[in-house]
Amino acid sequence: MSREERLTAAEIRYKPHLEDFFIKTWGPAILYSHDISHHRRVWKYAGELYLTTGPDDLPAEKLLITSYLHDIGMATDRSERHGSVSMELCRSFLAANNMDTDHYSDVLGAIESHDDKEYRKPASNHAPLLKILSAADDLDAFGYTGVYRYLEIYLARGIDPAIIGHEIIRNATVRFLNFESGFANYPSLIEKYKPRYLILANLMARHNSETEMSVSKKGTGNLPQGIVSLVSDMMRYNLPPGETETLSLKYADNKMVTEFVKGLTHELSE
């Protein structure tokens, strides 16, 4: 059976159960950056990496399960410890579907460990399942979609808006360098996704520059609001990404916000 056939077979057998479990478990929680749409995109990226680089002995259903459940714990725990909550929920999914948890210990381990984004160990040393899951998760952290995802979760975690842009660039750069190192034998992949990393890095660098300029001219009490304020407003009014019509007048004169909204809307429609 080819890799494409394995992916299709895994989707047919497990995807409906995973979608149903996720939706029921997530419930009324609102965190658009990590809802089921994020997990669907991670599965798309993971599938591409699996087809291009994955070892033949990696079961496709294990990659599917990790992709769909790695952040499900975010429904109740938005901290960096959410991997442990997600792991326990995955254990519940396995039990509910009469799947031997011992056979899926690597799935549970990958889910628990996936959010270590400091990458203190080289990506080449990761188990294949964790390596692909982490990379797929990282790819969804780039581009305009990544800017939105970072801002929502960092604001939810209470990170100071005055330094949030610097924190985003630092974290995203570590992620991209790890991707570049881990998939160095596949330059076409790096070439494909580097522009999305640069979109995020350049946009946040411009945001940081405007913030610093405002501080030097007006003091810390007049920090520019821009995209940070936009996402904060979206969170306040429970607006999903792409639905910013009610805020359009407030930010109509801000070119950076206009560019961000246009880019985000385009990416989410692809």
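Attention here is on the structure that accompanies the text. None of these values were measured; they are calculated from a predicted model.

Analysis parameters
Residues numbered from 1 in each chain as written. Predicted model: local features only at pLDDT ≥ 70, side-chain atom pairs only at ≥ 80, totals over all residues. Heavy atoms only, no water. Helix = DSSP H or I, 4+ residues; strand = E, 2+ residues; numbered from the N terminus. Buried < 20%, exposed > 50% of the residue type's maximum accessible area, 1.4 Å probe, protein only. Contact = heavy atoms within 4.5 Å. Areas by Shrake-Rupley, 256 points an atom, 1.4 Å probe, with all protein chains shown as cover. Lys, Arg positive; Asp, Glu negative; His and termini not counted. Charge placed at Lys NZ, Arg CZ, Asp CG, Glu CD. Phe/Tyr/Trp six-rings, centres within 6.5 Å; stacked < 30°, edge-to-face > 60°. Lys NZ or Arg CZ within 6 Å of the ring centre and 35° of its normal. Axes fitted to C-alpha atoms, helices over the stretch in contact; angles between N-to-C directions. Parallel < 35°, antiparallel > 145°, perpendicular 65-115°, else oblique. Left-handed = near helix turned anticlockwise from the far one by under 90°. Nonpolar A, V, L, I, M, F, W, Y, C, P; charged D, E, K, R; others polar. Polar contact = N/O pair within 3.5 Å; in protein donor to acceptor, adjacent residues only side chain to side chain. Salt bridge = Lys/Arg side-chain N within 4 Å of Asp/Glu carboxyl O. Core = buried A, V, L, I, M, F, W, Y, C linked by side-chain atoms within 4.5 Å. Expected span 1.5 Å × (residues − 1).

When helices and strands are tallied, the protein chain shows eleven helices and zero strands. Along the chain direction, N to C, the helices and strands of the protein chain fall in the order α-α-α-α-α-α-α-α-α-α-α. Principal axes of the C-alpha set define a box for the protein chain whose edges measure 60 × 40 × 30 Å. Within the protein chain, the fraction of its 270 residues that count as buried is 49%. Looking at the protein chain alone, contacts between residues at least 24 apart form 70% of all its contacts between residues at least 6 apart. Counting every atom, the protein chain has about 12900 Å² of accessible surface; 52% of that belongs to carbon and sulfur. Distance between charge centroids for the protein chain: 3 Å, based on 30 positive and 38 negative side chains.

This part takes up the packing of aromatic side chains. Across all of its chains, the model carries nine aromatic pairs by this definition. For the ring pair F142 and Y197, a centre distance of 5.8 Å and an interplane angle of 75 degrees mean the geometry is edge-to-face. In this pair, F142 sits in the loop between α6 (128-139) and α7 (143-156) while Y197 sits in helix α9 (residues 187-218), placing the two residues 55 residues apart along the sequence. Centroid distance Y150 to Y154: 5.4 Å. Interplanar angle 75 degrees. Geometry classified as edge-to-face. Pair noted here: Y150 and Y154 are both in helix α7, with a separation of four residues, about one helical turn. Considered together, Y150 and Y154 belong to a single accessibility category, that of buried residues. A cation over a ring is seen here: K44 above Y45, with NZ or CZ 4.8 Å from the ring centre.

At their nearest, the axes of helix α4 (residues 82-96) and helix α5 (residues 105-113) sit 7 Å apart, and the two run at 155 degrees to each other. Judged by the angle between their axes, α4 and α5 are roughly antiparallel. Judged by the twist between their axes, the crossing of α4 over α5 is right-handed. Counting all contacts with α4, which are made through G83, S84, S86, M87, C90, R91 and L94, the residues of α5 involved are V107, L108, I111 and E112. Among the residues making up the contact of α4 with α5, the classes are represented as six nonpolar, three polar and two charged.

On to the side chain of H39, then. Residue position: H39 is located in helix α2 (residues 36-53). Separated by 2.9 Å, the side chain of H39 and the backbone oxygen of D35 make a polar contact. Those residues in contact with H39 that sit more than four places away from it in its chain are F22, H34, S67, Y68, L69, H70, D71 and I72.

Take the pattern of salt bridges next. For the structure on display, the rule yields 15 salt bridges. D233 is paired through a salt bridge with R236; the nearest N and O atoms lie 2.3 Å apart. One end of the pair is D233 and the other is R236, both in helix α10 (residues 226-236) and three residues apart, which spans about a single turn. Residue class for R236 comes out exposed when judged on its relative accessible area of 52%. Residues joined by salt bridges that share partners form a network here, namely R41, D140 and R149.

Core analysis: the biggest nonpolar cluster contains 78 residues, and L49, I65, L69, F179 and F260 have the highest contact counts within it. Apart from the residues lying within four places of it in its own chain, the contact partners of L49 are G54, I132, A135, A136, L139, F179, F183 and L189.

Let us now look at α6. The end-to-end C-alpha distance of α6 is 16 Å, a good match for the 16 Å that twelve residues give at a rise of 1.5 Å each. Taken across its twelve residues, α6 has ten buried, putting it largely inside the fold. If you check which residues of α6 are buried, you get L129, L130, I132, L133, S134, A135, A136, D137, D138 and L139.

So yeah, pure geometry; function would need other evidence.
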